[in-house]
Amino acid sequence: MKDTAASPAKKTVTVWDPVVRLFHWLLVAAFAAAWGLGEWGPNQMTWHFYAGYAIAGLLAVRLIWGFVGSRTARFSHFLYGPKAVADYLRHLPSKESSGHVGHNPLGGWSVLVMLGLLIVQVVTGLTSDPQDYINVGPLAGSVPESISTSWAPKIHEFVATLLLIVVGIHIAAIVYYRTWKGVNLVKPMITGKKEVGE
Amino acid sequence: MRKPLLALTFTLAASAAFAQSPKDAVEARQGFFDLLGAQMAVLAPMAQGKMDFDAAKAQTAANNIAALAKVDISPLFVEGTSVDDMMETHAKSEIWSNMDLFMEKADALHQAAAEMPDAAGSLETLQPAVGKLGGTCKSCHDEFRSK
Ligand code: HEM
Ligand code: HEM
């Protein structure tokens, strides 16, 4: 059983550097805007495009940061091998926190999946031509017509739904940690600090 | 644009007179939408500043699209010509299950296109008019055209 109250010493460490935190909360805002405007926004999709460009910029920063950022921000730190993921999965139902500082082995891959899907979404958005002549992606003219008028919009629509599901699982995982494991992951994503028991 | 318009009129007249093959109906309506597109290809880049405003060209395209949008396209949406029935089309079967809404969208196009000839005189009036017109394309494609 978990018994934090009795744990003797607690130490505060920095888990998330400011770039990761700023990236995350700006991404949440831009994603909500892009999704809502894409599905329910005005017929003139200018603001949807702006939200999409913002996400493209954020992704570029995050990808670079994945190589040069602080320790927990690096891909090399949070992408674990299959054995670590399997071990983690076995440990998942336990009420005990896994105690990882930074993404856990499963979470790390989910981050990669989210970033990958977001890249697909940006690329298909940039190359989509809905043939209304007012919401044509700026790169639609640079790809074959079968892509710009058919495949890109098809994938864009599908991945938009897929992202909603993946983000739903993402948030469910955060809630699971909070309610089942008693660990608040959101606070560190805001303050950058996490308490670890010695 | 006179010739295609004329050809289109004949096609439409023919479609009313004879029972068209499904393939002909699809080709005819796609030709109709391509003609709309050809006018938009002149108007939209000007409105978006990607091409210099040319009052004469804008006026021609505006007049054309206003005339085109008057055409009643319903005879071209023959039963049995949805994406569920054939490969050549992108027309969703919802068109036939919700013909009223489909015709409402066609009417929105008609209305917006009717404002074009007056709006084409200056860039300031062209811009919002093209936005509104393009919006009617999008709103029908979202609902009734598969990707
Ligand atoms: C309000 C809802 C959300 C909450 C409460 C939330 C919370 C969190 C938390 C606590 C983490 C850190 C996980 C860990 O400790 O390993 C995280 C990471 C992440 N979240 Fe969210 N999230 C939300 C919405 C979103 C959305 C909408 C997206 C994407 C579209 C997203 C994408 C990400 C990504 C990419 C990471 C990895 C951060 C990095 O390493 O750069 N999140 N989120
Ligand atoms: C990750 C960011 C993005 C998200 C979450 C997103 C989401 C969406 C959604 C939900 C739709 C409505 C799809 C439908 O039901 O038909 C849509 C449509 C569209 N988006 Fe995006 N989008 C993103 C980025 C972009 C970018 C960067 C561009 C272009 C610069 C773009 C261009 C378009 C276009 C042209 C459409 C209408 C054509 C279509 O339906 O595919 N999007 N987007």
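Located above this text is the structure these notes cover.
If you're wondering where the values come from, they're calculated on a predicted model, not measured in any experiment.

A.B. asks: Sorry, what's going on with the overall build of chain A here?
C.D. replies: Looking only at helices and strands, one finds 7 helices and 2 strands in chain A. When its helices and strands are written in sequence order, chain A yields β-α-α-α-α-α-α-α-β. Along the first, second and third principal axes, the C-alpha atoms of chain A reach 65 × 30 × 30 Å. Split into buried and exposed, the 198 residues of chain A put 35% on the buried side. The contacts of chain A with a sequence gap of at least 6 include a subset with a gap of at least 24, amounting to 69%. Just so you have it, chain A exposes about 11100 Å², and 70% of that area is on carbon and sulfur atoms. If you average the places of the 16 positive and of the 11 negative side-chain charges in chain A, the two averages end up 14 Å apart.

A.B. asks: Looking at this structure, how should I read a nonpolar patch on the surface?
C.D. replies: All names here are of chain A. A contiguous nonpolar patch, built from Trp25, Val28, Val186 and Ile190 and spanning about 330 Å² of accessible area, is present on the exposed surface. Breaking the nonpolar patch down by element, the ones donating at least two residues are helix H1 (18-40) and helix H7 (186-191). Along the chain, Val186 turns up in helix H7.

A.B. asks: I would appreciate a short explanation of empty space enclosed by the protein in the present structure.
C.D. replies: One simple way to see leftover space: roll a probe sized like a water molecule over the atoms. Residues and elements named next belong to chain A. All chains considered together, the criterion is met by 1 cavity of 30 Å³ or more. In this structure, the largest cavity spans a volume of roughly 30 Å³. Leu37, Gly41, Pro42, Gln44, Met45, Thr46, Trp47 and His48 together form the lining of the largest cavity. Element by element, the count of residues in the lining of the largest cavity is highest for helix H2 (residues 46-68), at 3 residues. By residue class, the composition of the lining of the largest cavity is 4 nonpolar, 4 polar and no charged.

A.B. asks: Please clarify how the pairing of strand S2 (residues 193-197) of chain A should be interpreted in this entry.
C.D. replies: Strand residues, when the strand is regular, have side chains that alternate between the two faces of the sheet. Residues and elements named next belong to chain A. Burial of S2 is one-sided: the residues Lys194 and Val196 facing one way are buried, the residues Lys193, Glu195 and Gly197 facing the other way are not. Note: strand S1 (residues 10-14) against S2, 5 bridges, orientation antiparallel. If you follow Thr12 over to S2, its bridge partner there is Glu195.

A.B. asks: Sorry, what's going on with the site of ligand 2 here?
C.D. replies: Near ligand 2 there are 22 residues, and of these His48, Gly125, Asn135 and His156 of chain A together with Lys147 of chain B occur at the shortest range. The environment of ligand 2 is shared, with nearby residues belonging to chains A and B. A distance of 3.5 Å separates an oxygen atom of ligand 2 from a polar atom in the side chain of Glu39 of chain A. Measuring from a nitrogen atom of ligand 2, one finds a side-chain N or O atom of His48 of chain A at 2.8 Å. Sort the elements by how many residues they give to the shell around ligand 2 and H2 of chain A lands first, with 5 residues. In terms of residue class, the shell around ligand 2 is made up of 12 nonpolar, 7 polar and 3 charged.

A.B. asks: Help me understand the packing of helix H2 (residues 22-47) of chain B against helix H7 (residues 123-144) of chain B, please; the structure alone is not making it clear to me.
C.D. replies: For any two helices packed against each other, one specifies the crossing angle of their axes together with the interaxial distance. Residues and elements named next belong to chain B. Across the interface, H2 lies against H7 with an axial gap of 9 Å and an inter-helix angle of 125°. When the axis of H2 is compared with that of H7, the two are oblique. Helix-helix and strand crossings are classified by hand; for H2 and H7 the assignment is left-handed. Contact with H2, carried on its side by Met40, Leu43, Ala44, Met46 and Ala47, involves Leu123, Leu126, Gln127, Val130, Leu133 and Gly134 of H7 and no other residues of that element. Of the residues that constitute the contact of H2 with H7, the class distribution is 9 nonpolar, 2 polar and no charged.

A.B. asks: What should I look at first to understand the packing of H2 of chain B against helix H3 (residues 55-68) of chain B in this one?
C.D. replies: All names here are of chain B. Packing of H2 against H3 leaves a shortest axis separation of 9 Å and a crossing angle of 150°. Judged by the inter-axis angle, H2 sits roughly antiparallel to H3. The element H2 and its partner H3 pack so that their crossing is left-handed. Side by side, H2 and H3 meet where Phe32, Leu35, Leu36, Gln39, Met40, Val42, Leu43 and Met46 of the first sit next to Lys57, Ala58, Ala61, Ala62, Asn64, Ile65 and Leu68 of the second. Classifying every residue of the contact of H2 with H3 by side-chain character gives 12 nonpolar, 2 polar and 1 charged.

A.B. asks: Just checking my understanding: could you explain the nonpolar core for this structure?
C.D. replies: In summary, soluble globular proteins display a tendency toward joint burial of nonpolar side chains. Phe77, Met116, Val130 and Leu133 of chain B are the most contacted members of the largest nonpolar core, which has 35 residues in total. Counting residues per element, the ones that place at least two in this core are H2, H3, helix H4 (94-97), helix H5 (99-114), helix H6 (116-119) and H7 of chain B. For this core, the leading source of residues is H2 of chain B, giving 9 residues. Met116 of chain B has contacts with Leu43, Ala62, Ile65, Leu126, Ala129, Val130 and Leu133 of chain B, leaving out every residue within four places of it along the chain. Counting residues in each nonpolar core, the second largest holds 23 residues, with Leu58, Phe75, Leu163 and Val167 of chain A among its members.

A.B. asks: Would you mind showing me how to read a negative patch on the surface here?
C.D. replies: On the surface, Glu79, Asp84, Asp85, Glu94 and Glu143 of chain B cluster together to form a negatively charged patch. With respect to the secondary-structure elements, Glu143 of chain B resides in helix H7.

A.B. asks: Got a minute to help me understand the environment of Arg29 of chain B in this structure?
C.D. replies: Residues and elements named next belong to chain B. Within the secondary structure, Arg29 sits in helix H2. In this structure Arg29 comes out as buried when scored by relative accessible area, which is 2%. As a C-alpha pair, Arg29 and Met99 span 70 residues in sequence and 16 Å in three-dimensional space. Residues in contact with Arg29, not counting those within four places in the same chain, are Leu76, Phe77, Val78, Thr81, Thr89, Ala91 and Trp96. A polar atom in the side chain of Arg29 sits 2.7 Å from the backbone oxygen of Thr81.

About the cut-offs
- Residues numbered from 1 in each chain as written.
- Chains lettered and ligands numbered in written order.
- Predicted model: local features only at pLDDT ≥ 70, side-chain atom pairs only at ≥ 80, totals over all residues.
- Heavy atoms only, no water.
- Helix = DSSP H or I, 4+ residues; strand = E, 2+ residues; numbered from the N terminus.
- Buried < 20%, exposed > 50% of the residue type's maximum accessible area, 1.4 Å probe, protein only.
- Contact = heavy atoms within 4.5 Å.
- Areas by Shrake-Rupley, 256 points an atom, 1.4 Å probe, with all protein chains shown as cover.
- Lys, Arg positive; Asp, Glu negative; His and termini not counted.
- Charge placed at Lys NZ, Arg CZ, Asp CG, Glu CD.
- Patch = residues over 30% accessible without salt bridge, like charges linked within 9 Å, V, L, I, M, F, W, Y side chains within 5 Å.
- Salt bridge = Lys/Arg side-chain N within 4 Å of Asp/Glu carboxyl O.
- 1 Å grid on protein atoms, 1.4 Å probe; cavity = no way out; pocket = protein on both sides within 12 Å on 5 of 7 lines; lining within 4 Å.
- Points joined across faces, edges and corners; volume = space filled by probe spheres on them.
- Nonpolar A, V, L, I, M, F, W, Y, C, P; charged D, E, K, R; others polar.
- Pairing = 2+ DSSP bridges.
- Near = heavy atom within 4 Å.
- Polar contact = N/O pair within 3.5 Å; in protein donor to acceptor, adjacent residues only side chain to side chain.
- Axes fitted to C-alpha atoms, helices over the stretch in contact; angles between N-to-C directions.
- Parallel < 35°, antiparallel > 145°, perpendicular 65-115°, else oblique.
- Left-handed = near helix turned anticlockwise from the far one by under 90°.
- Core = buried A, V, L, I, M, F, W, Y, C linked by side-chain atoms within 4.5 Å.

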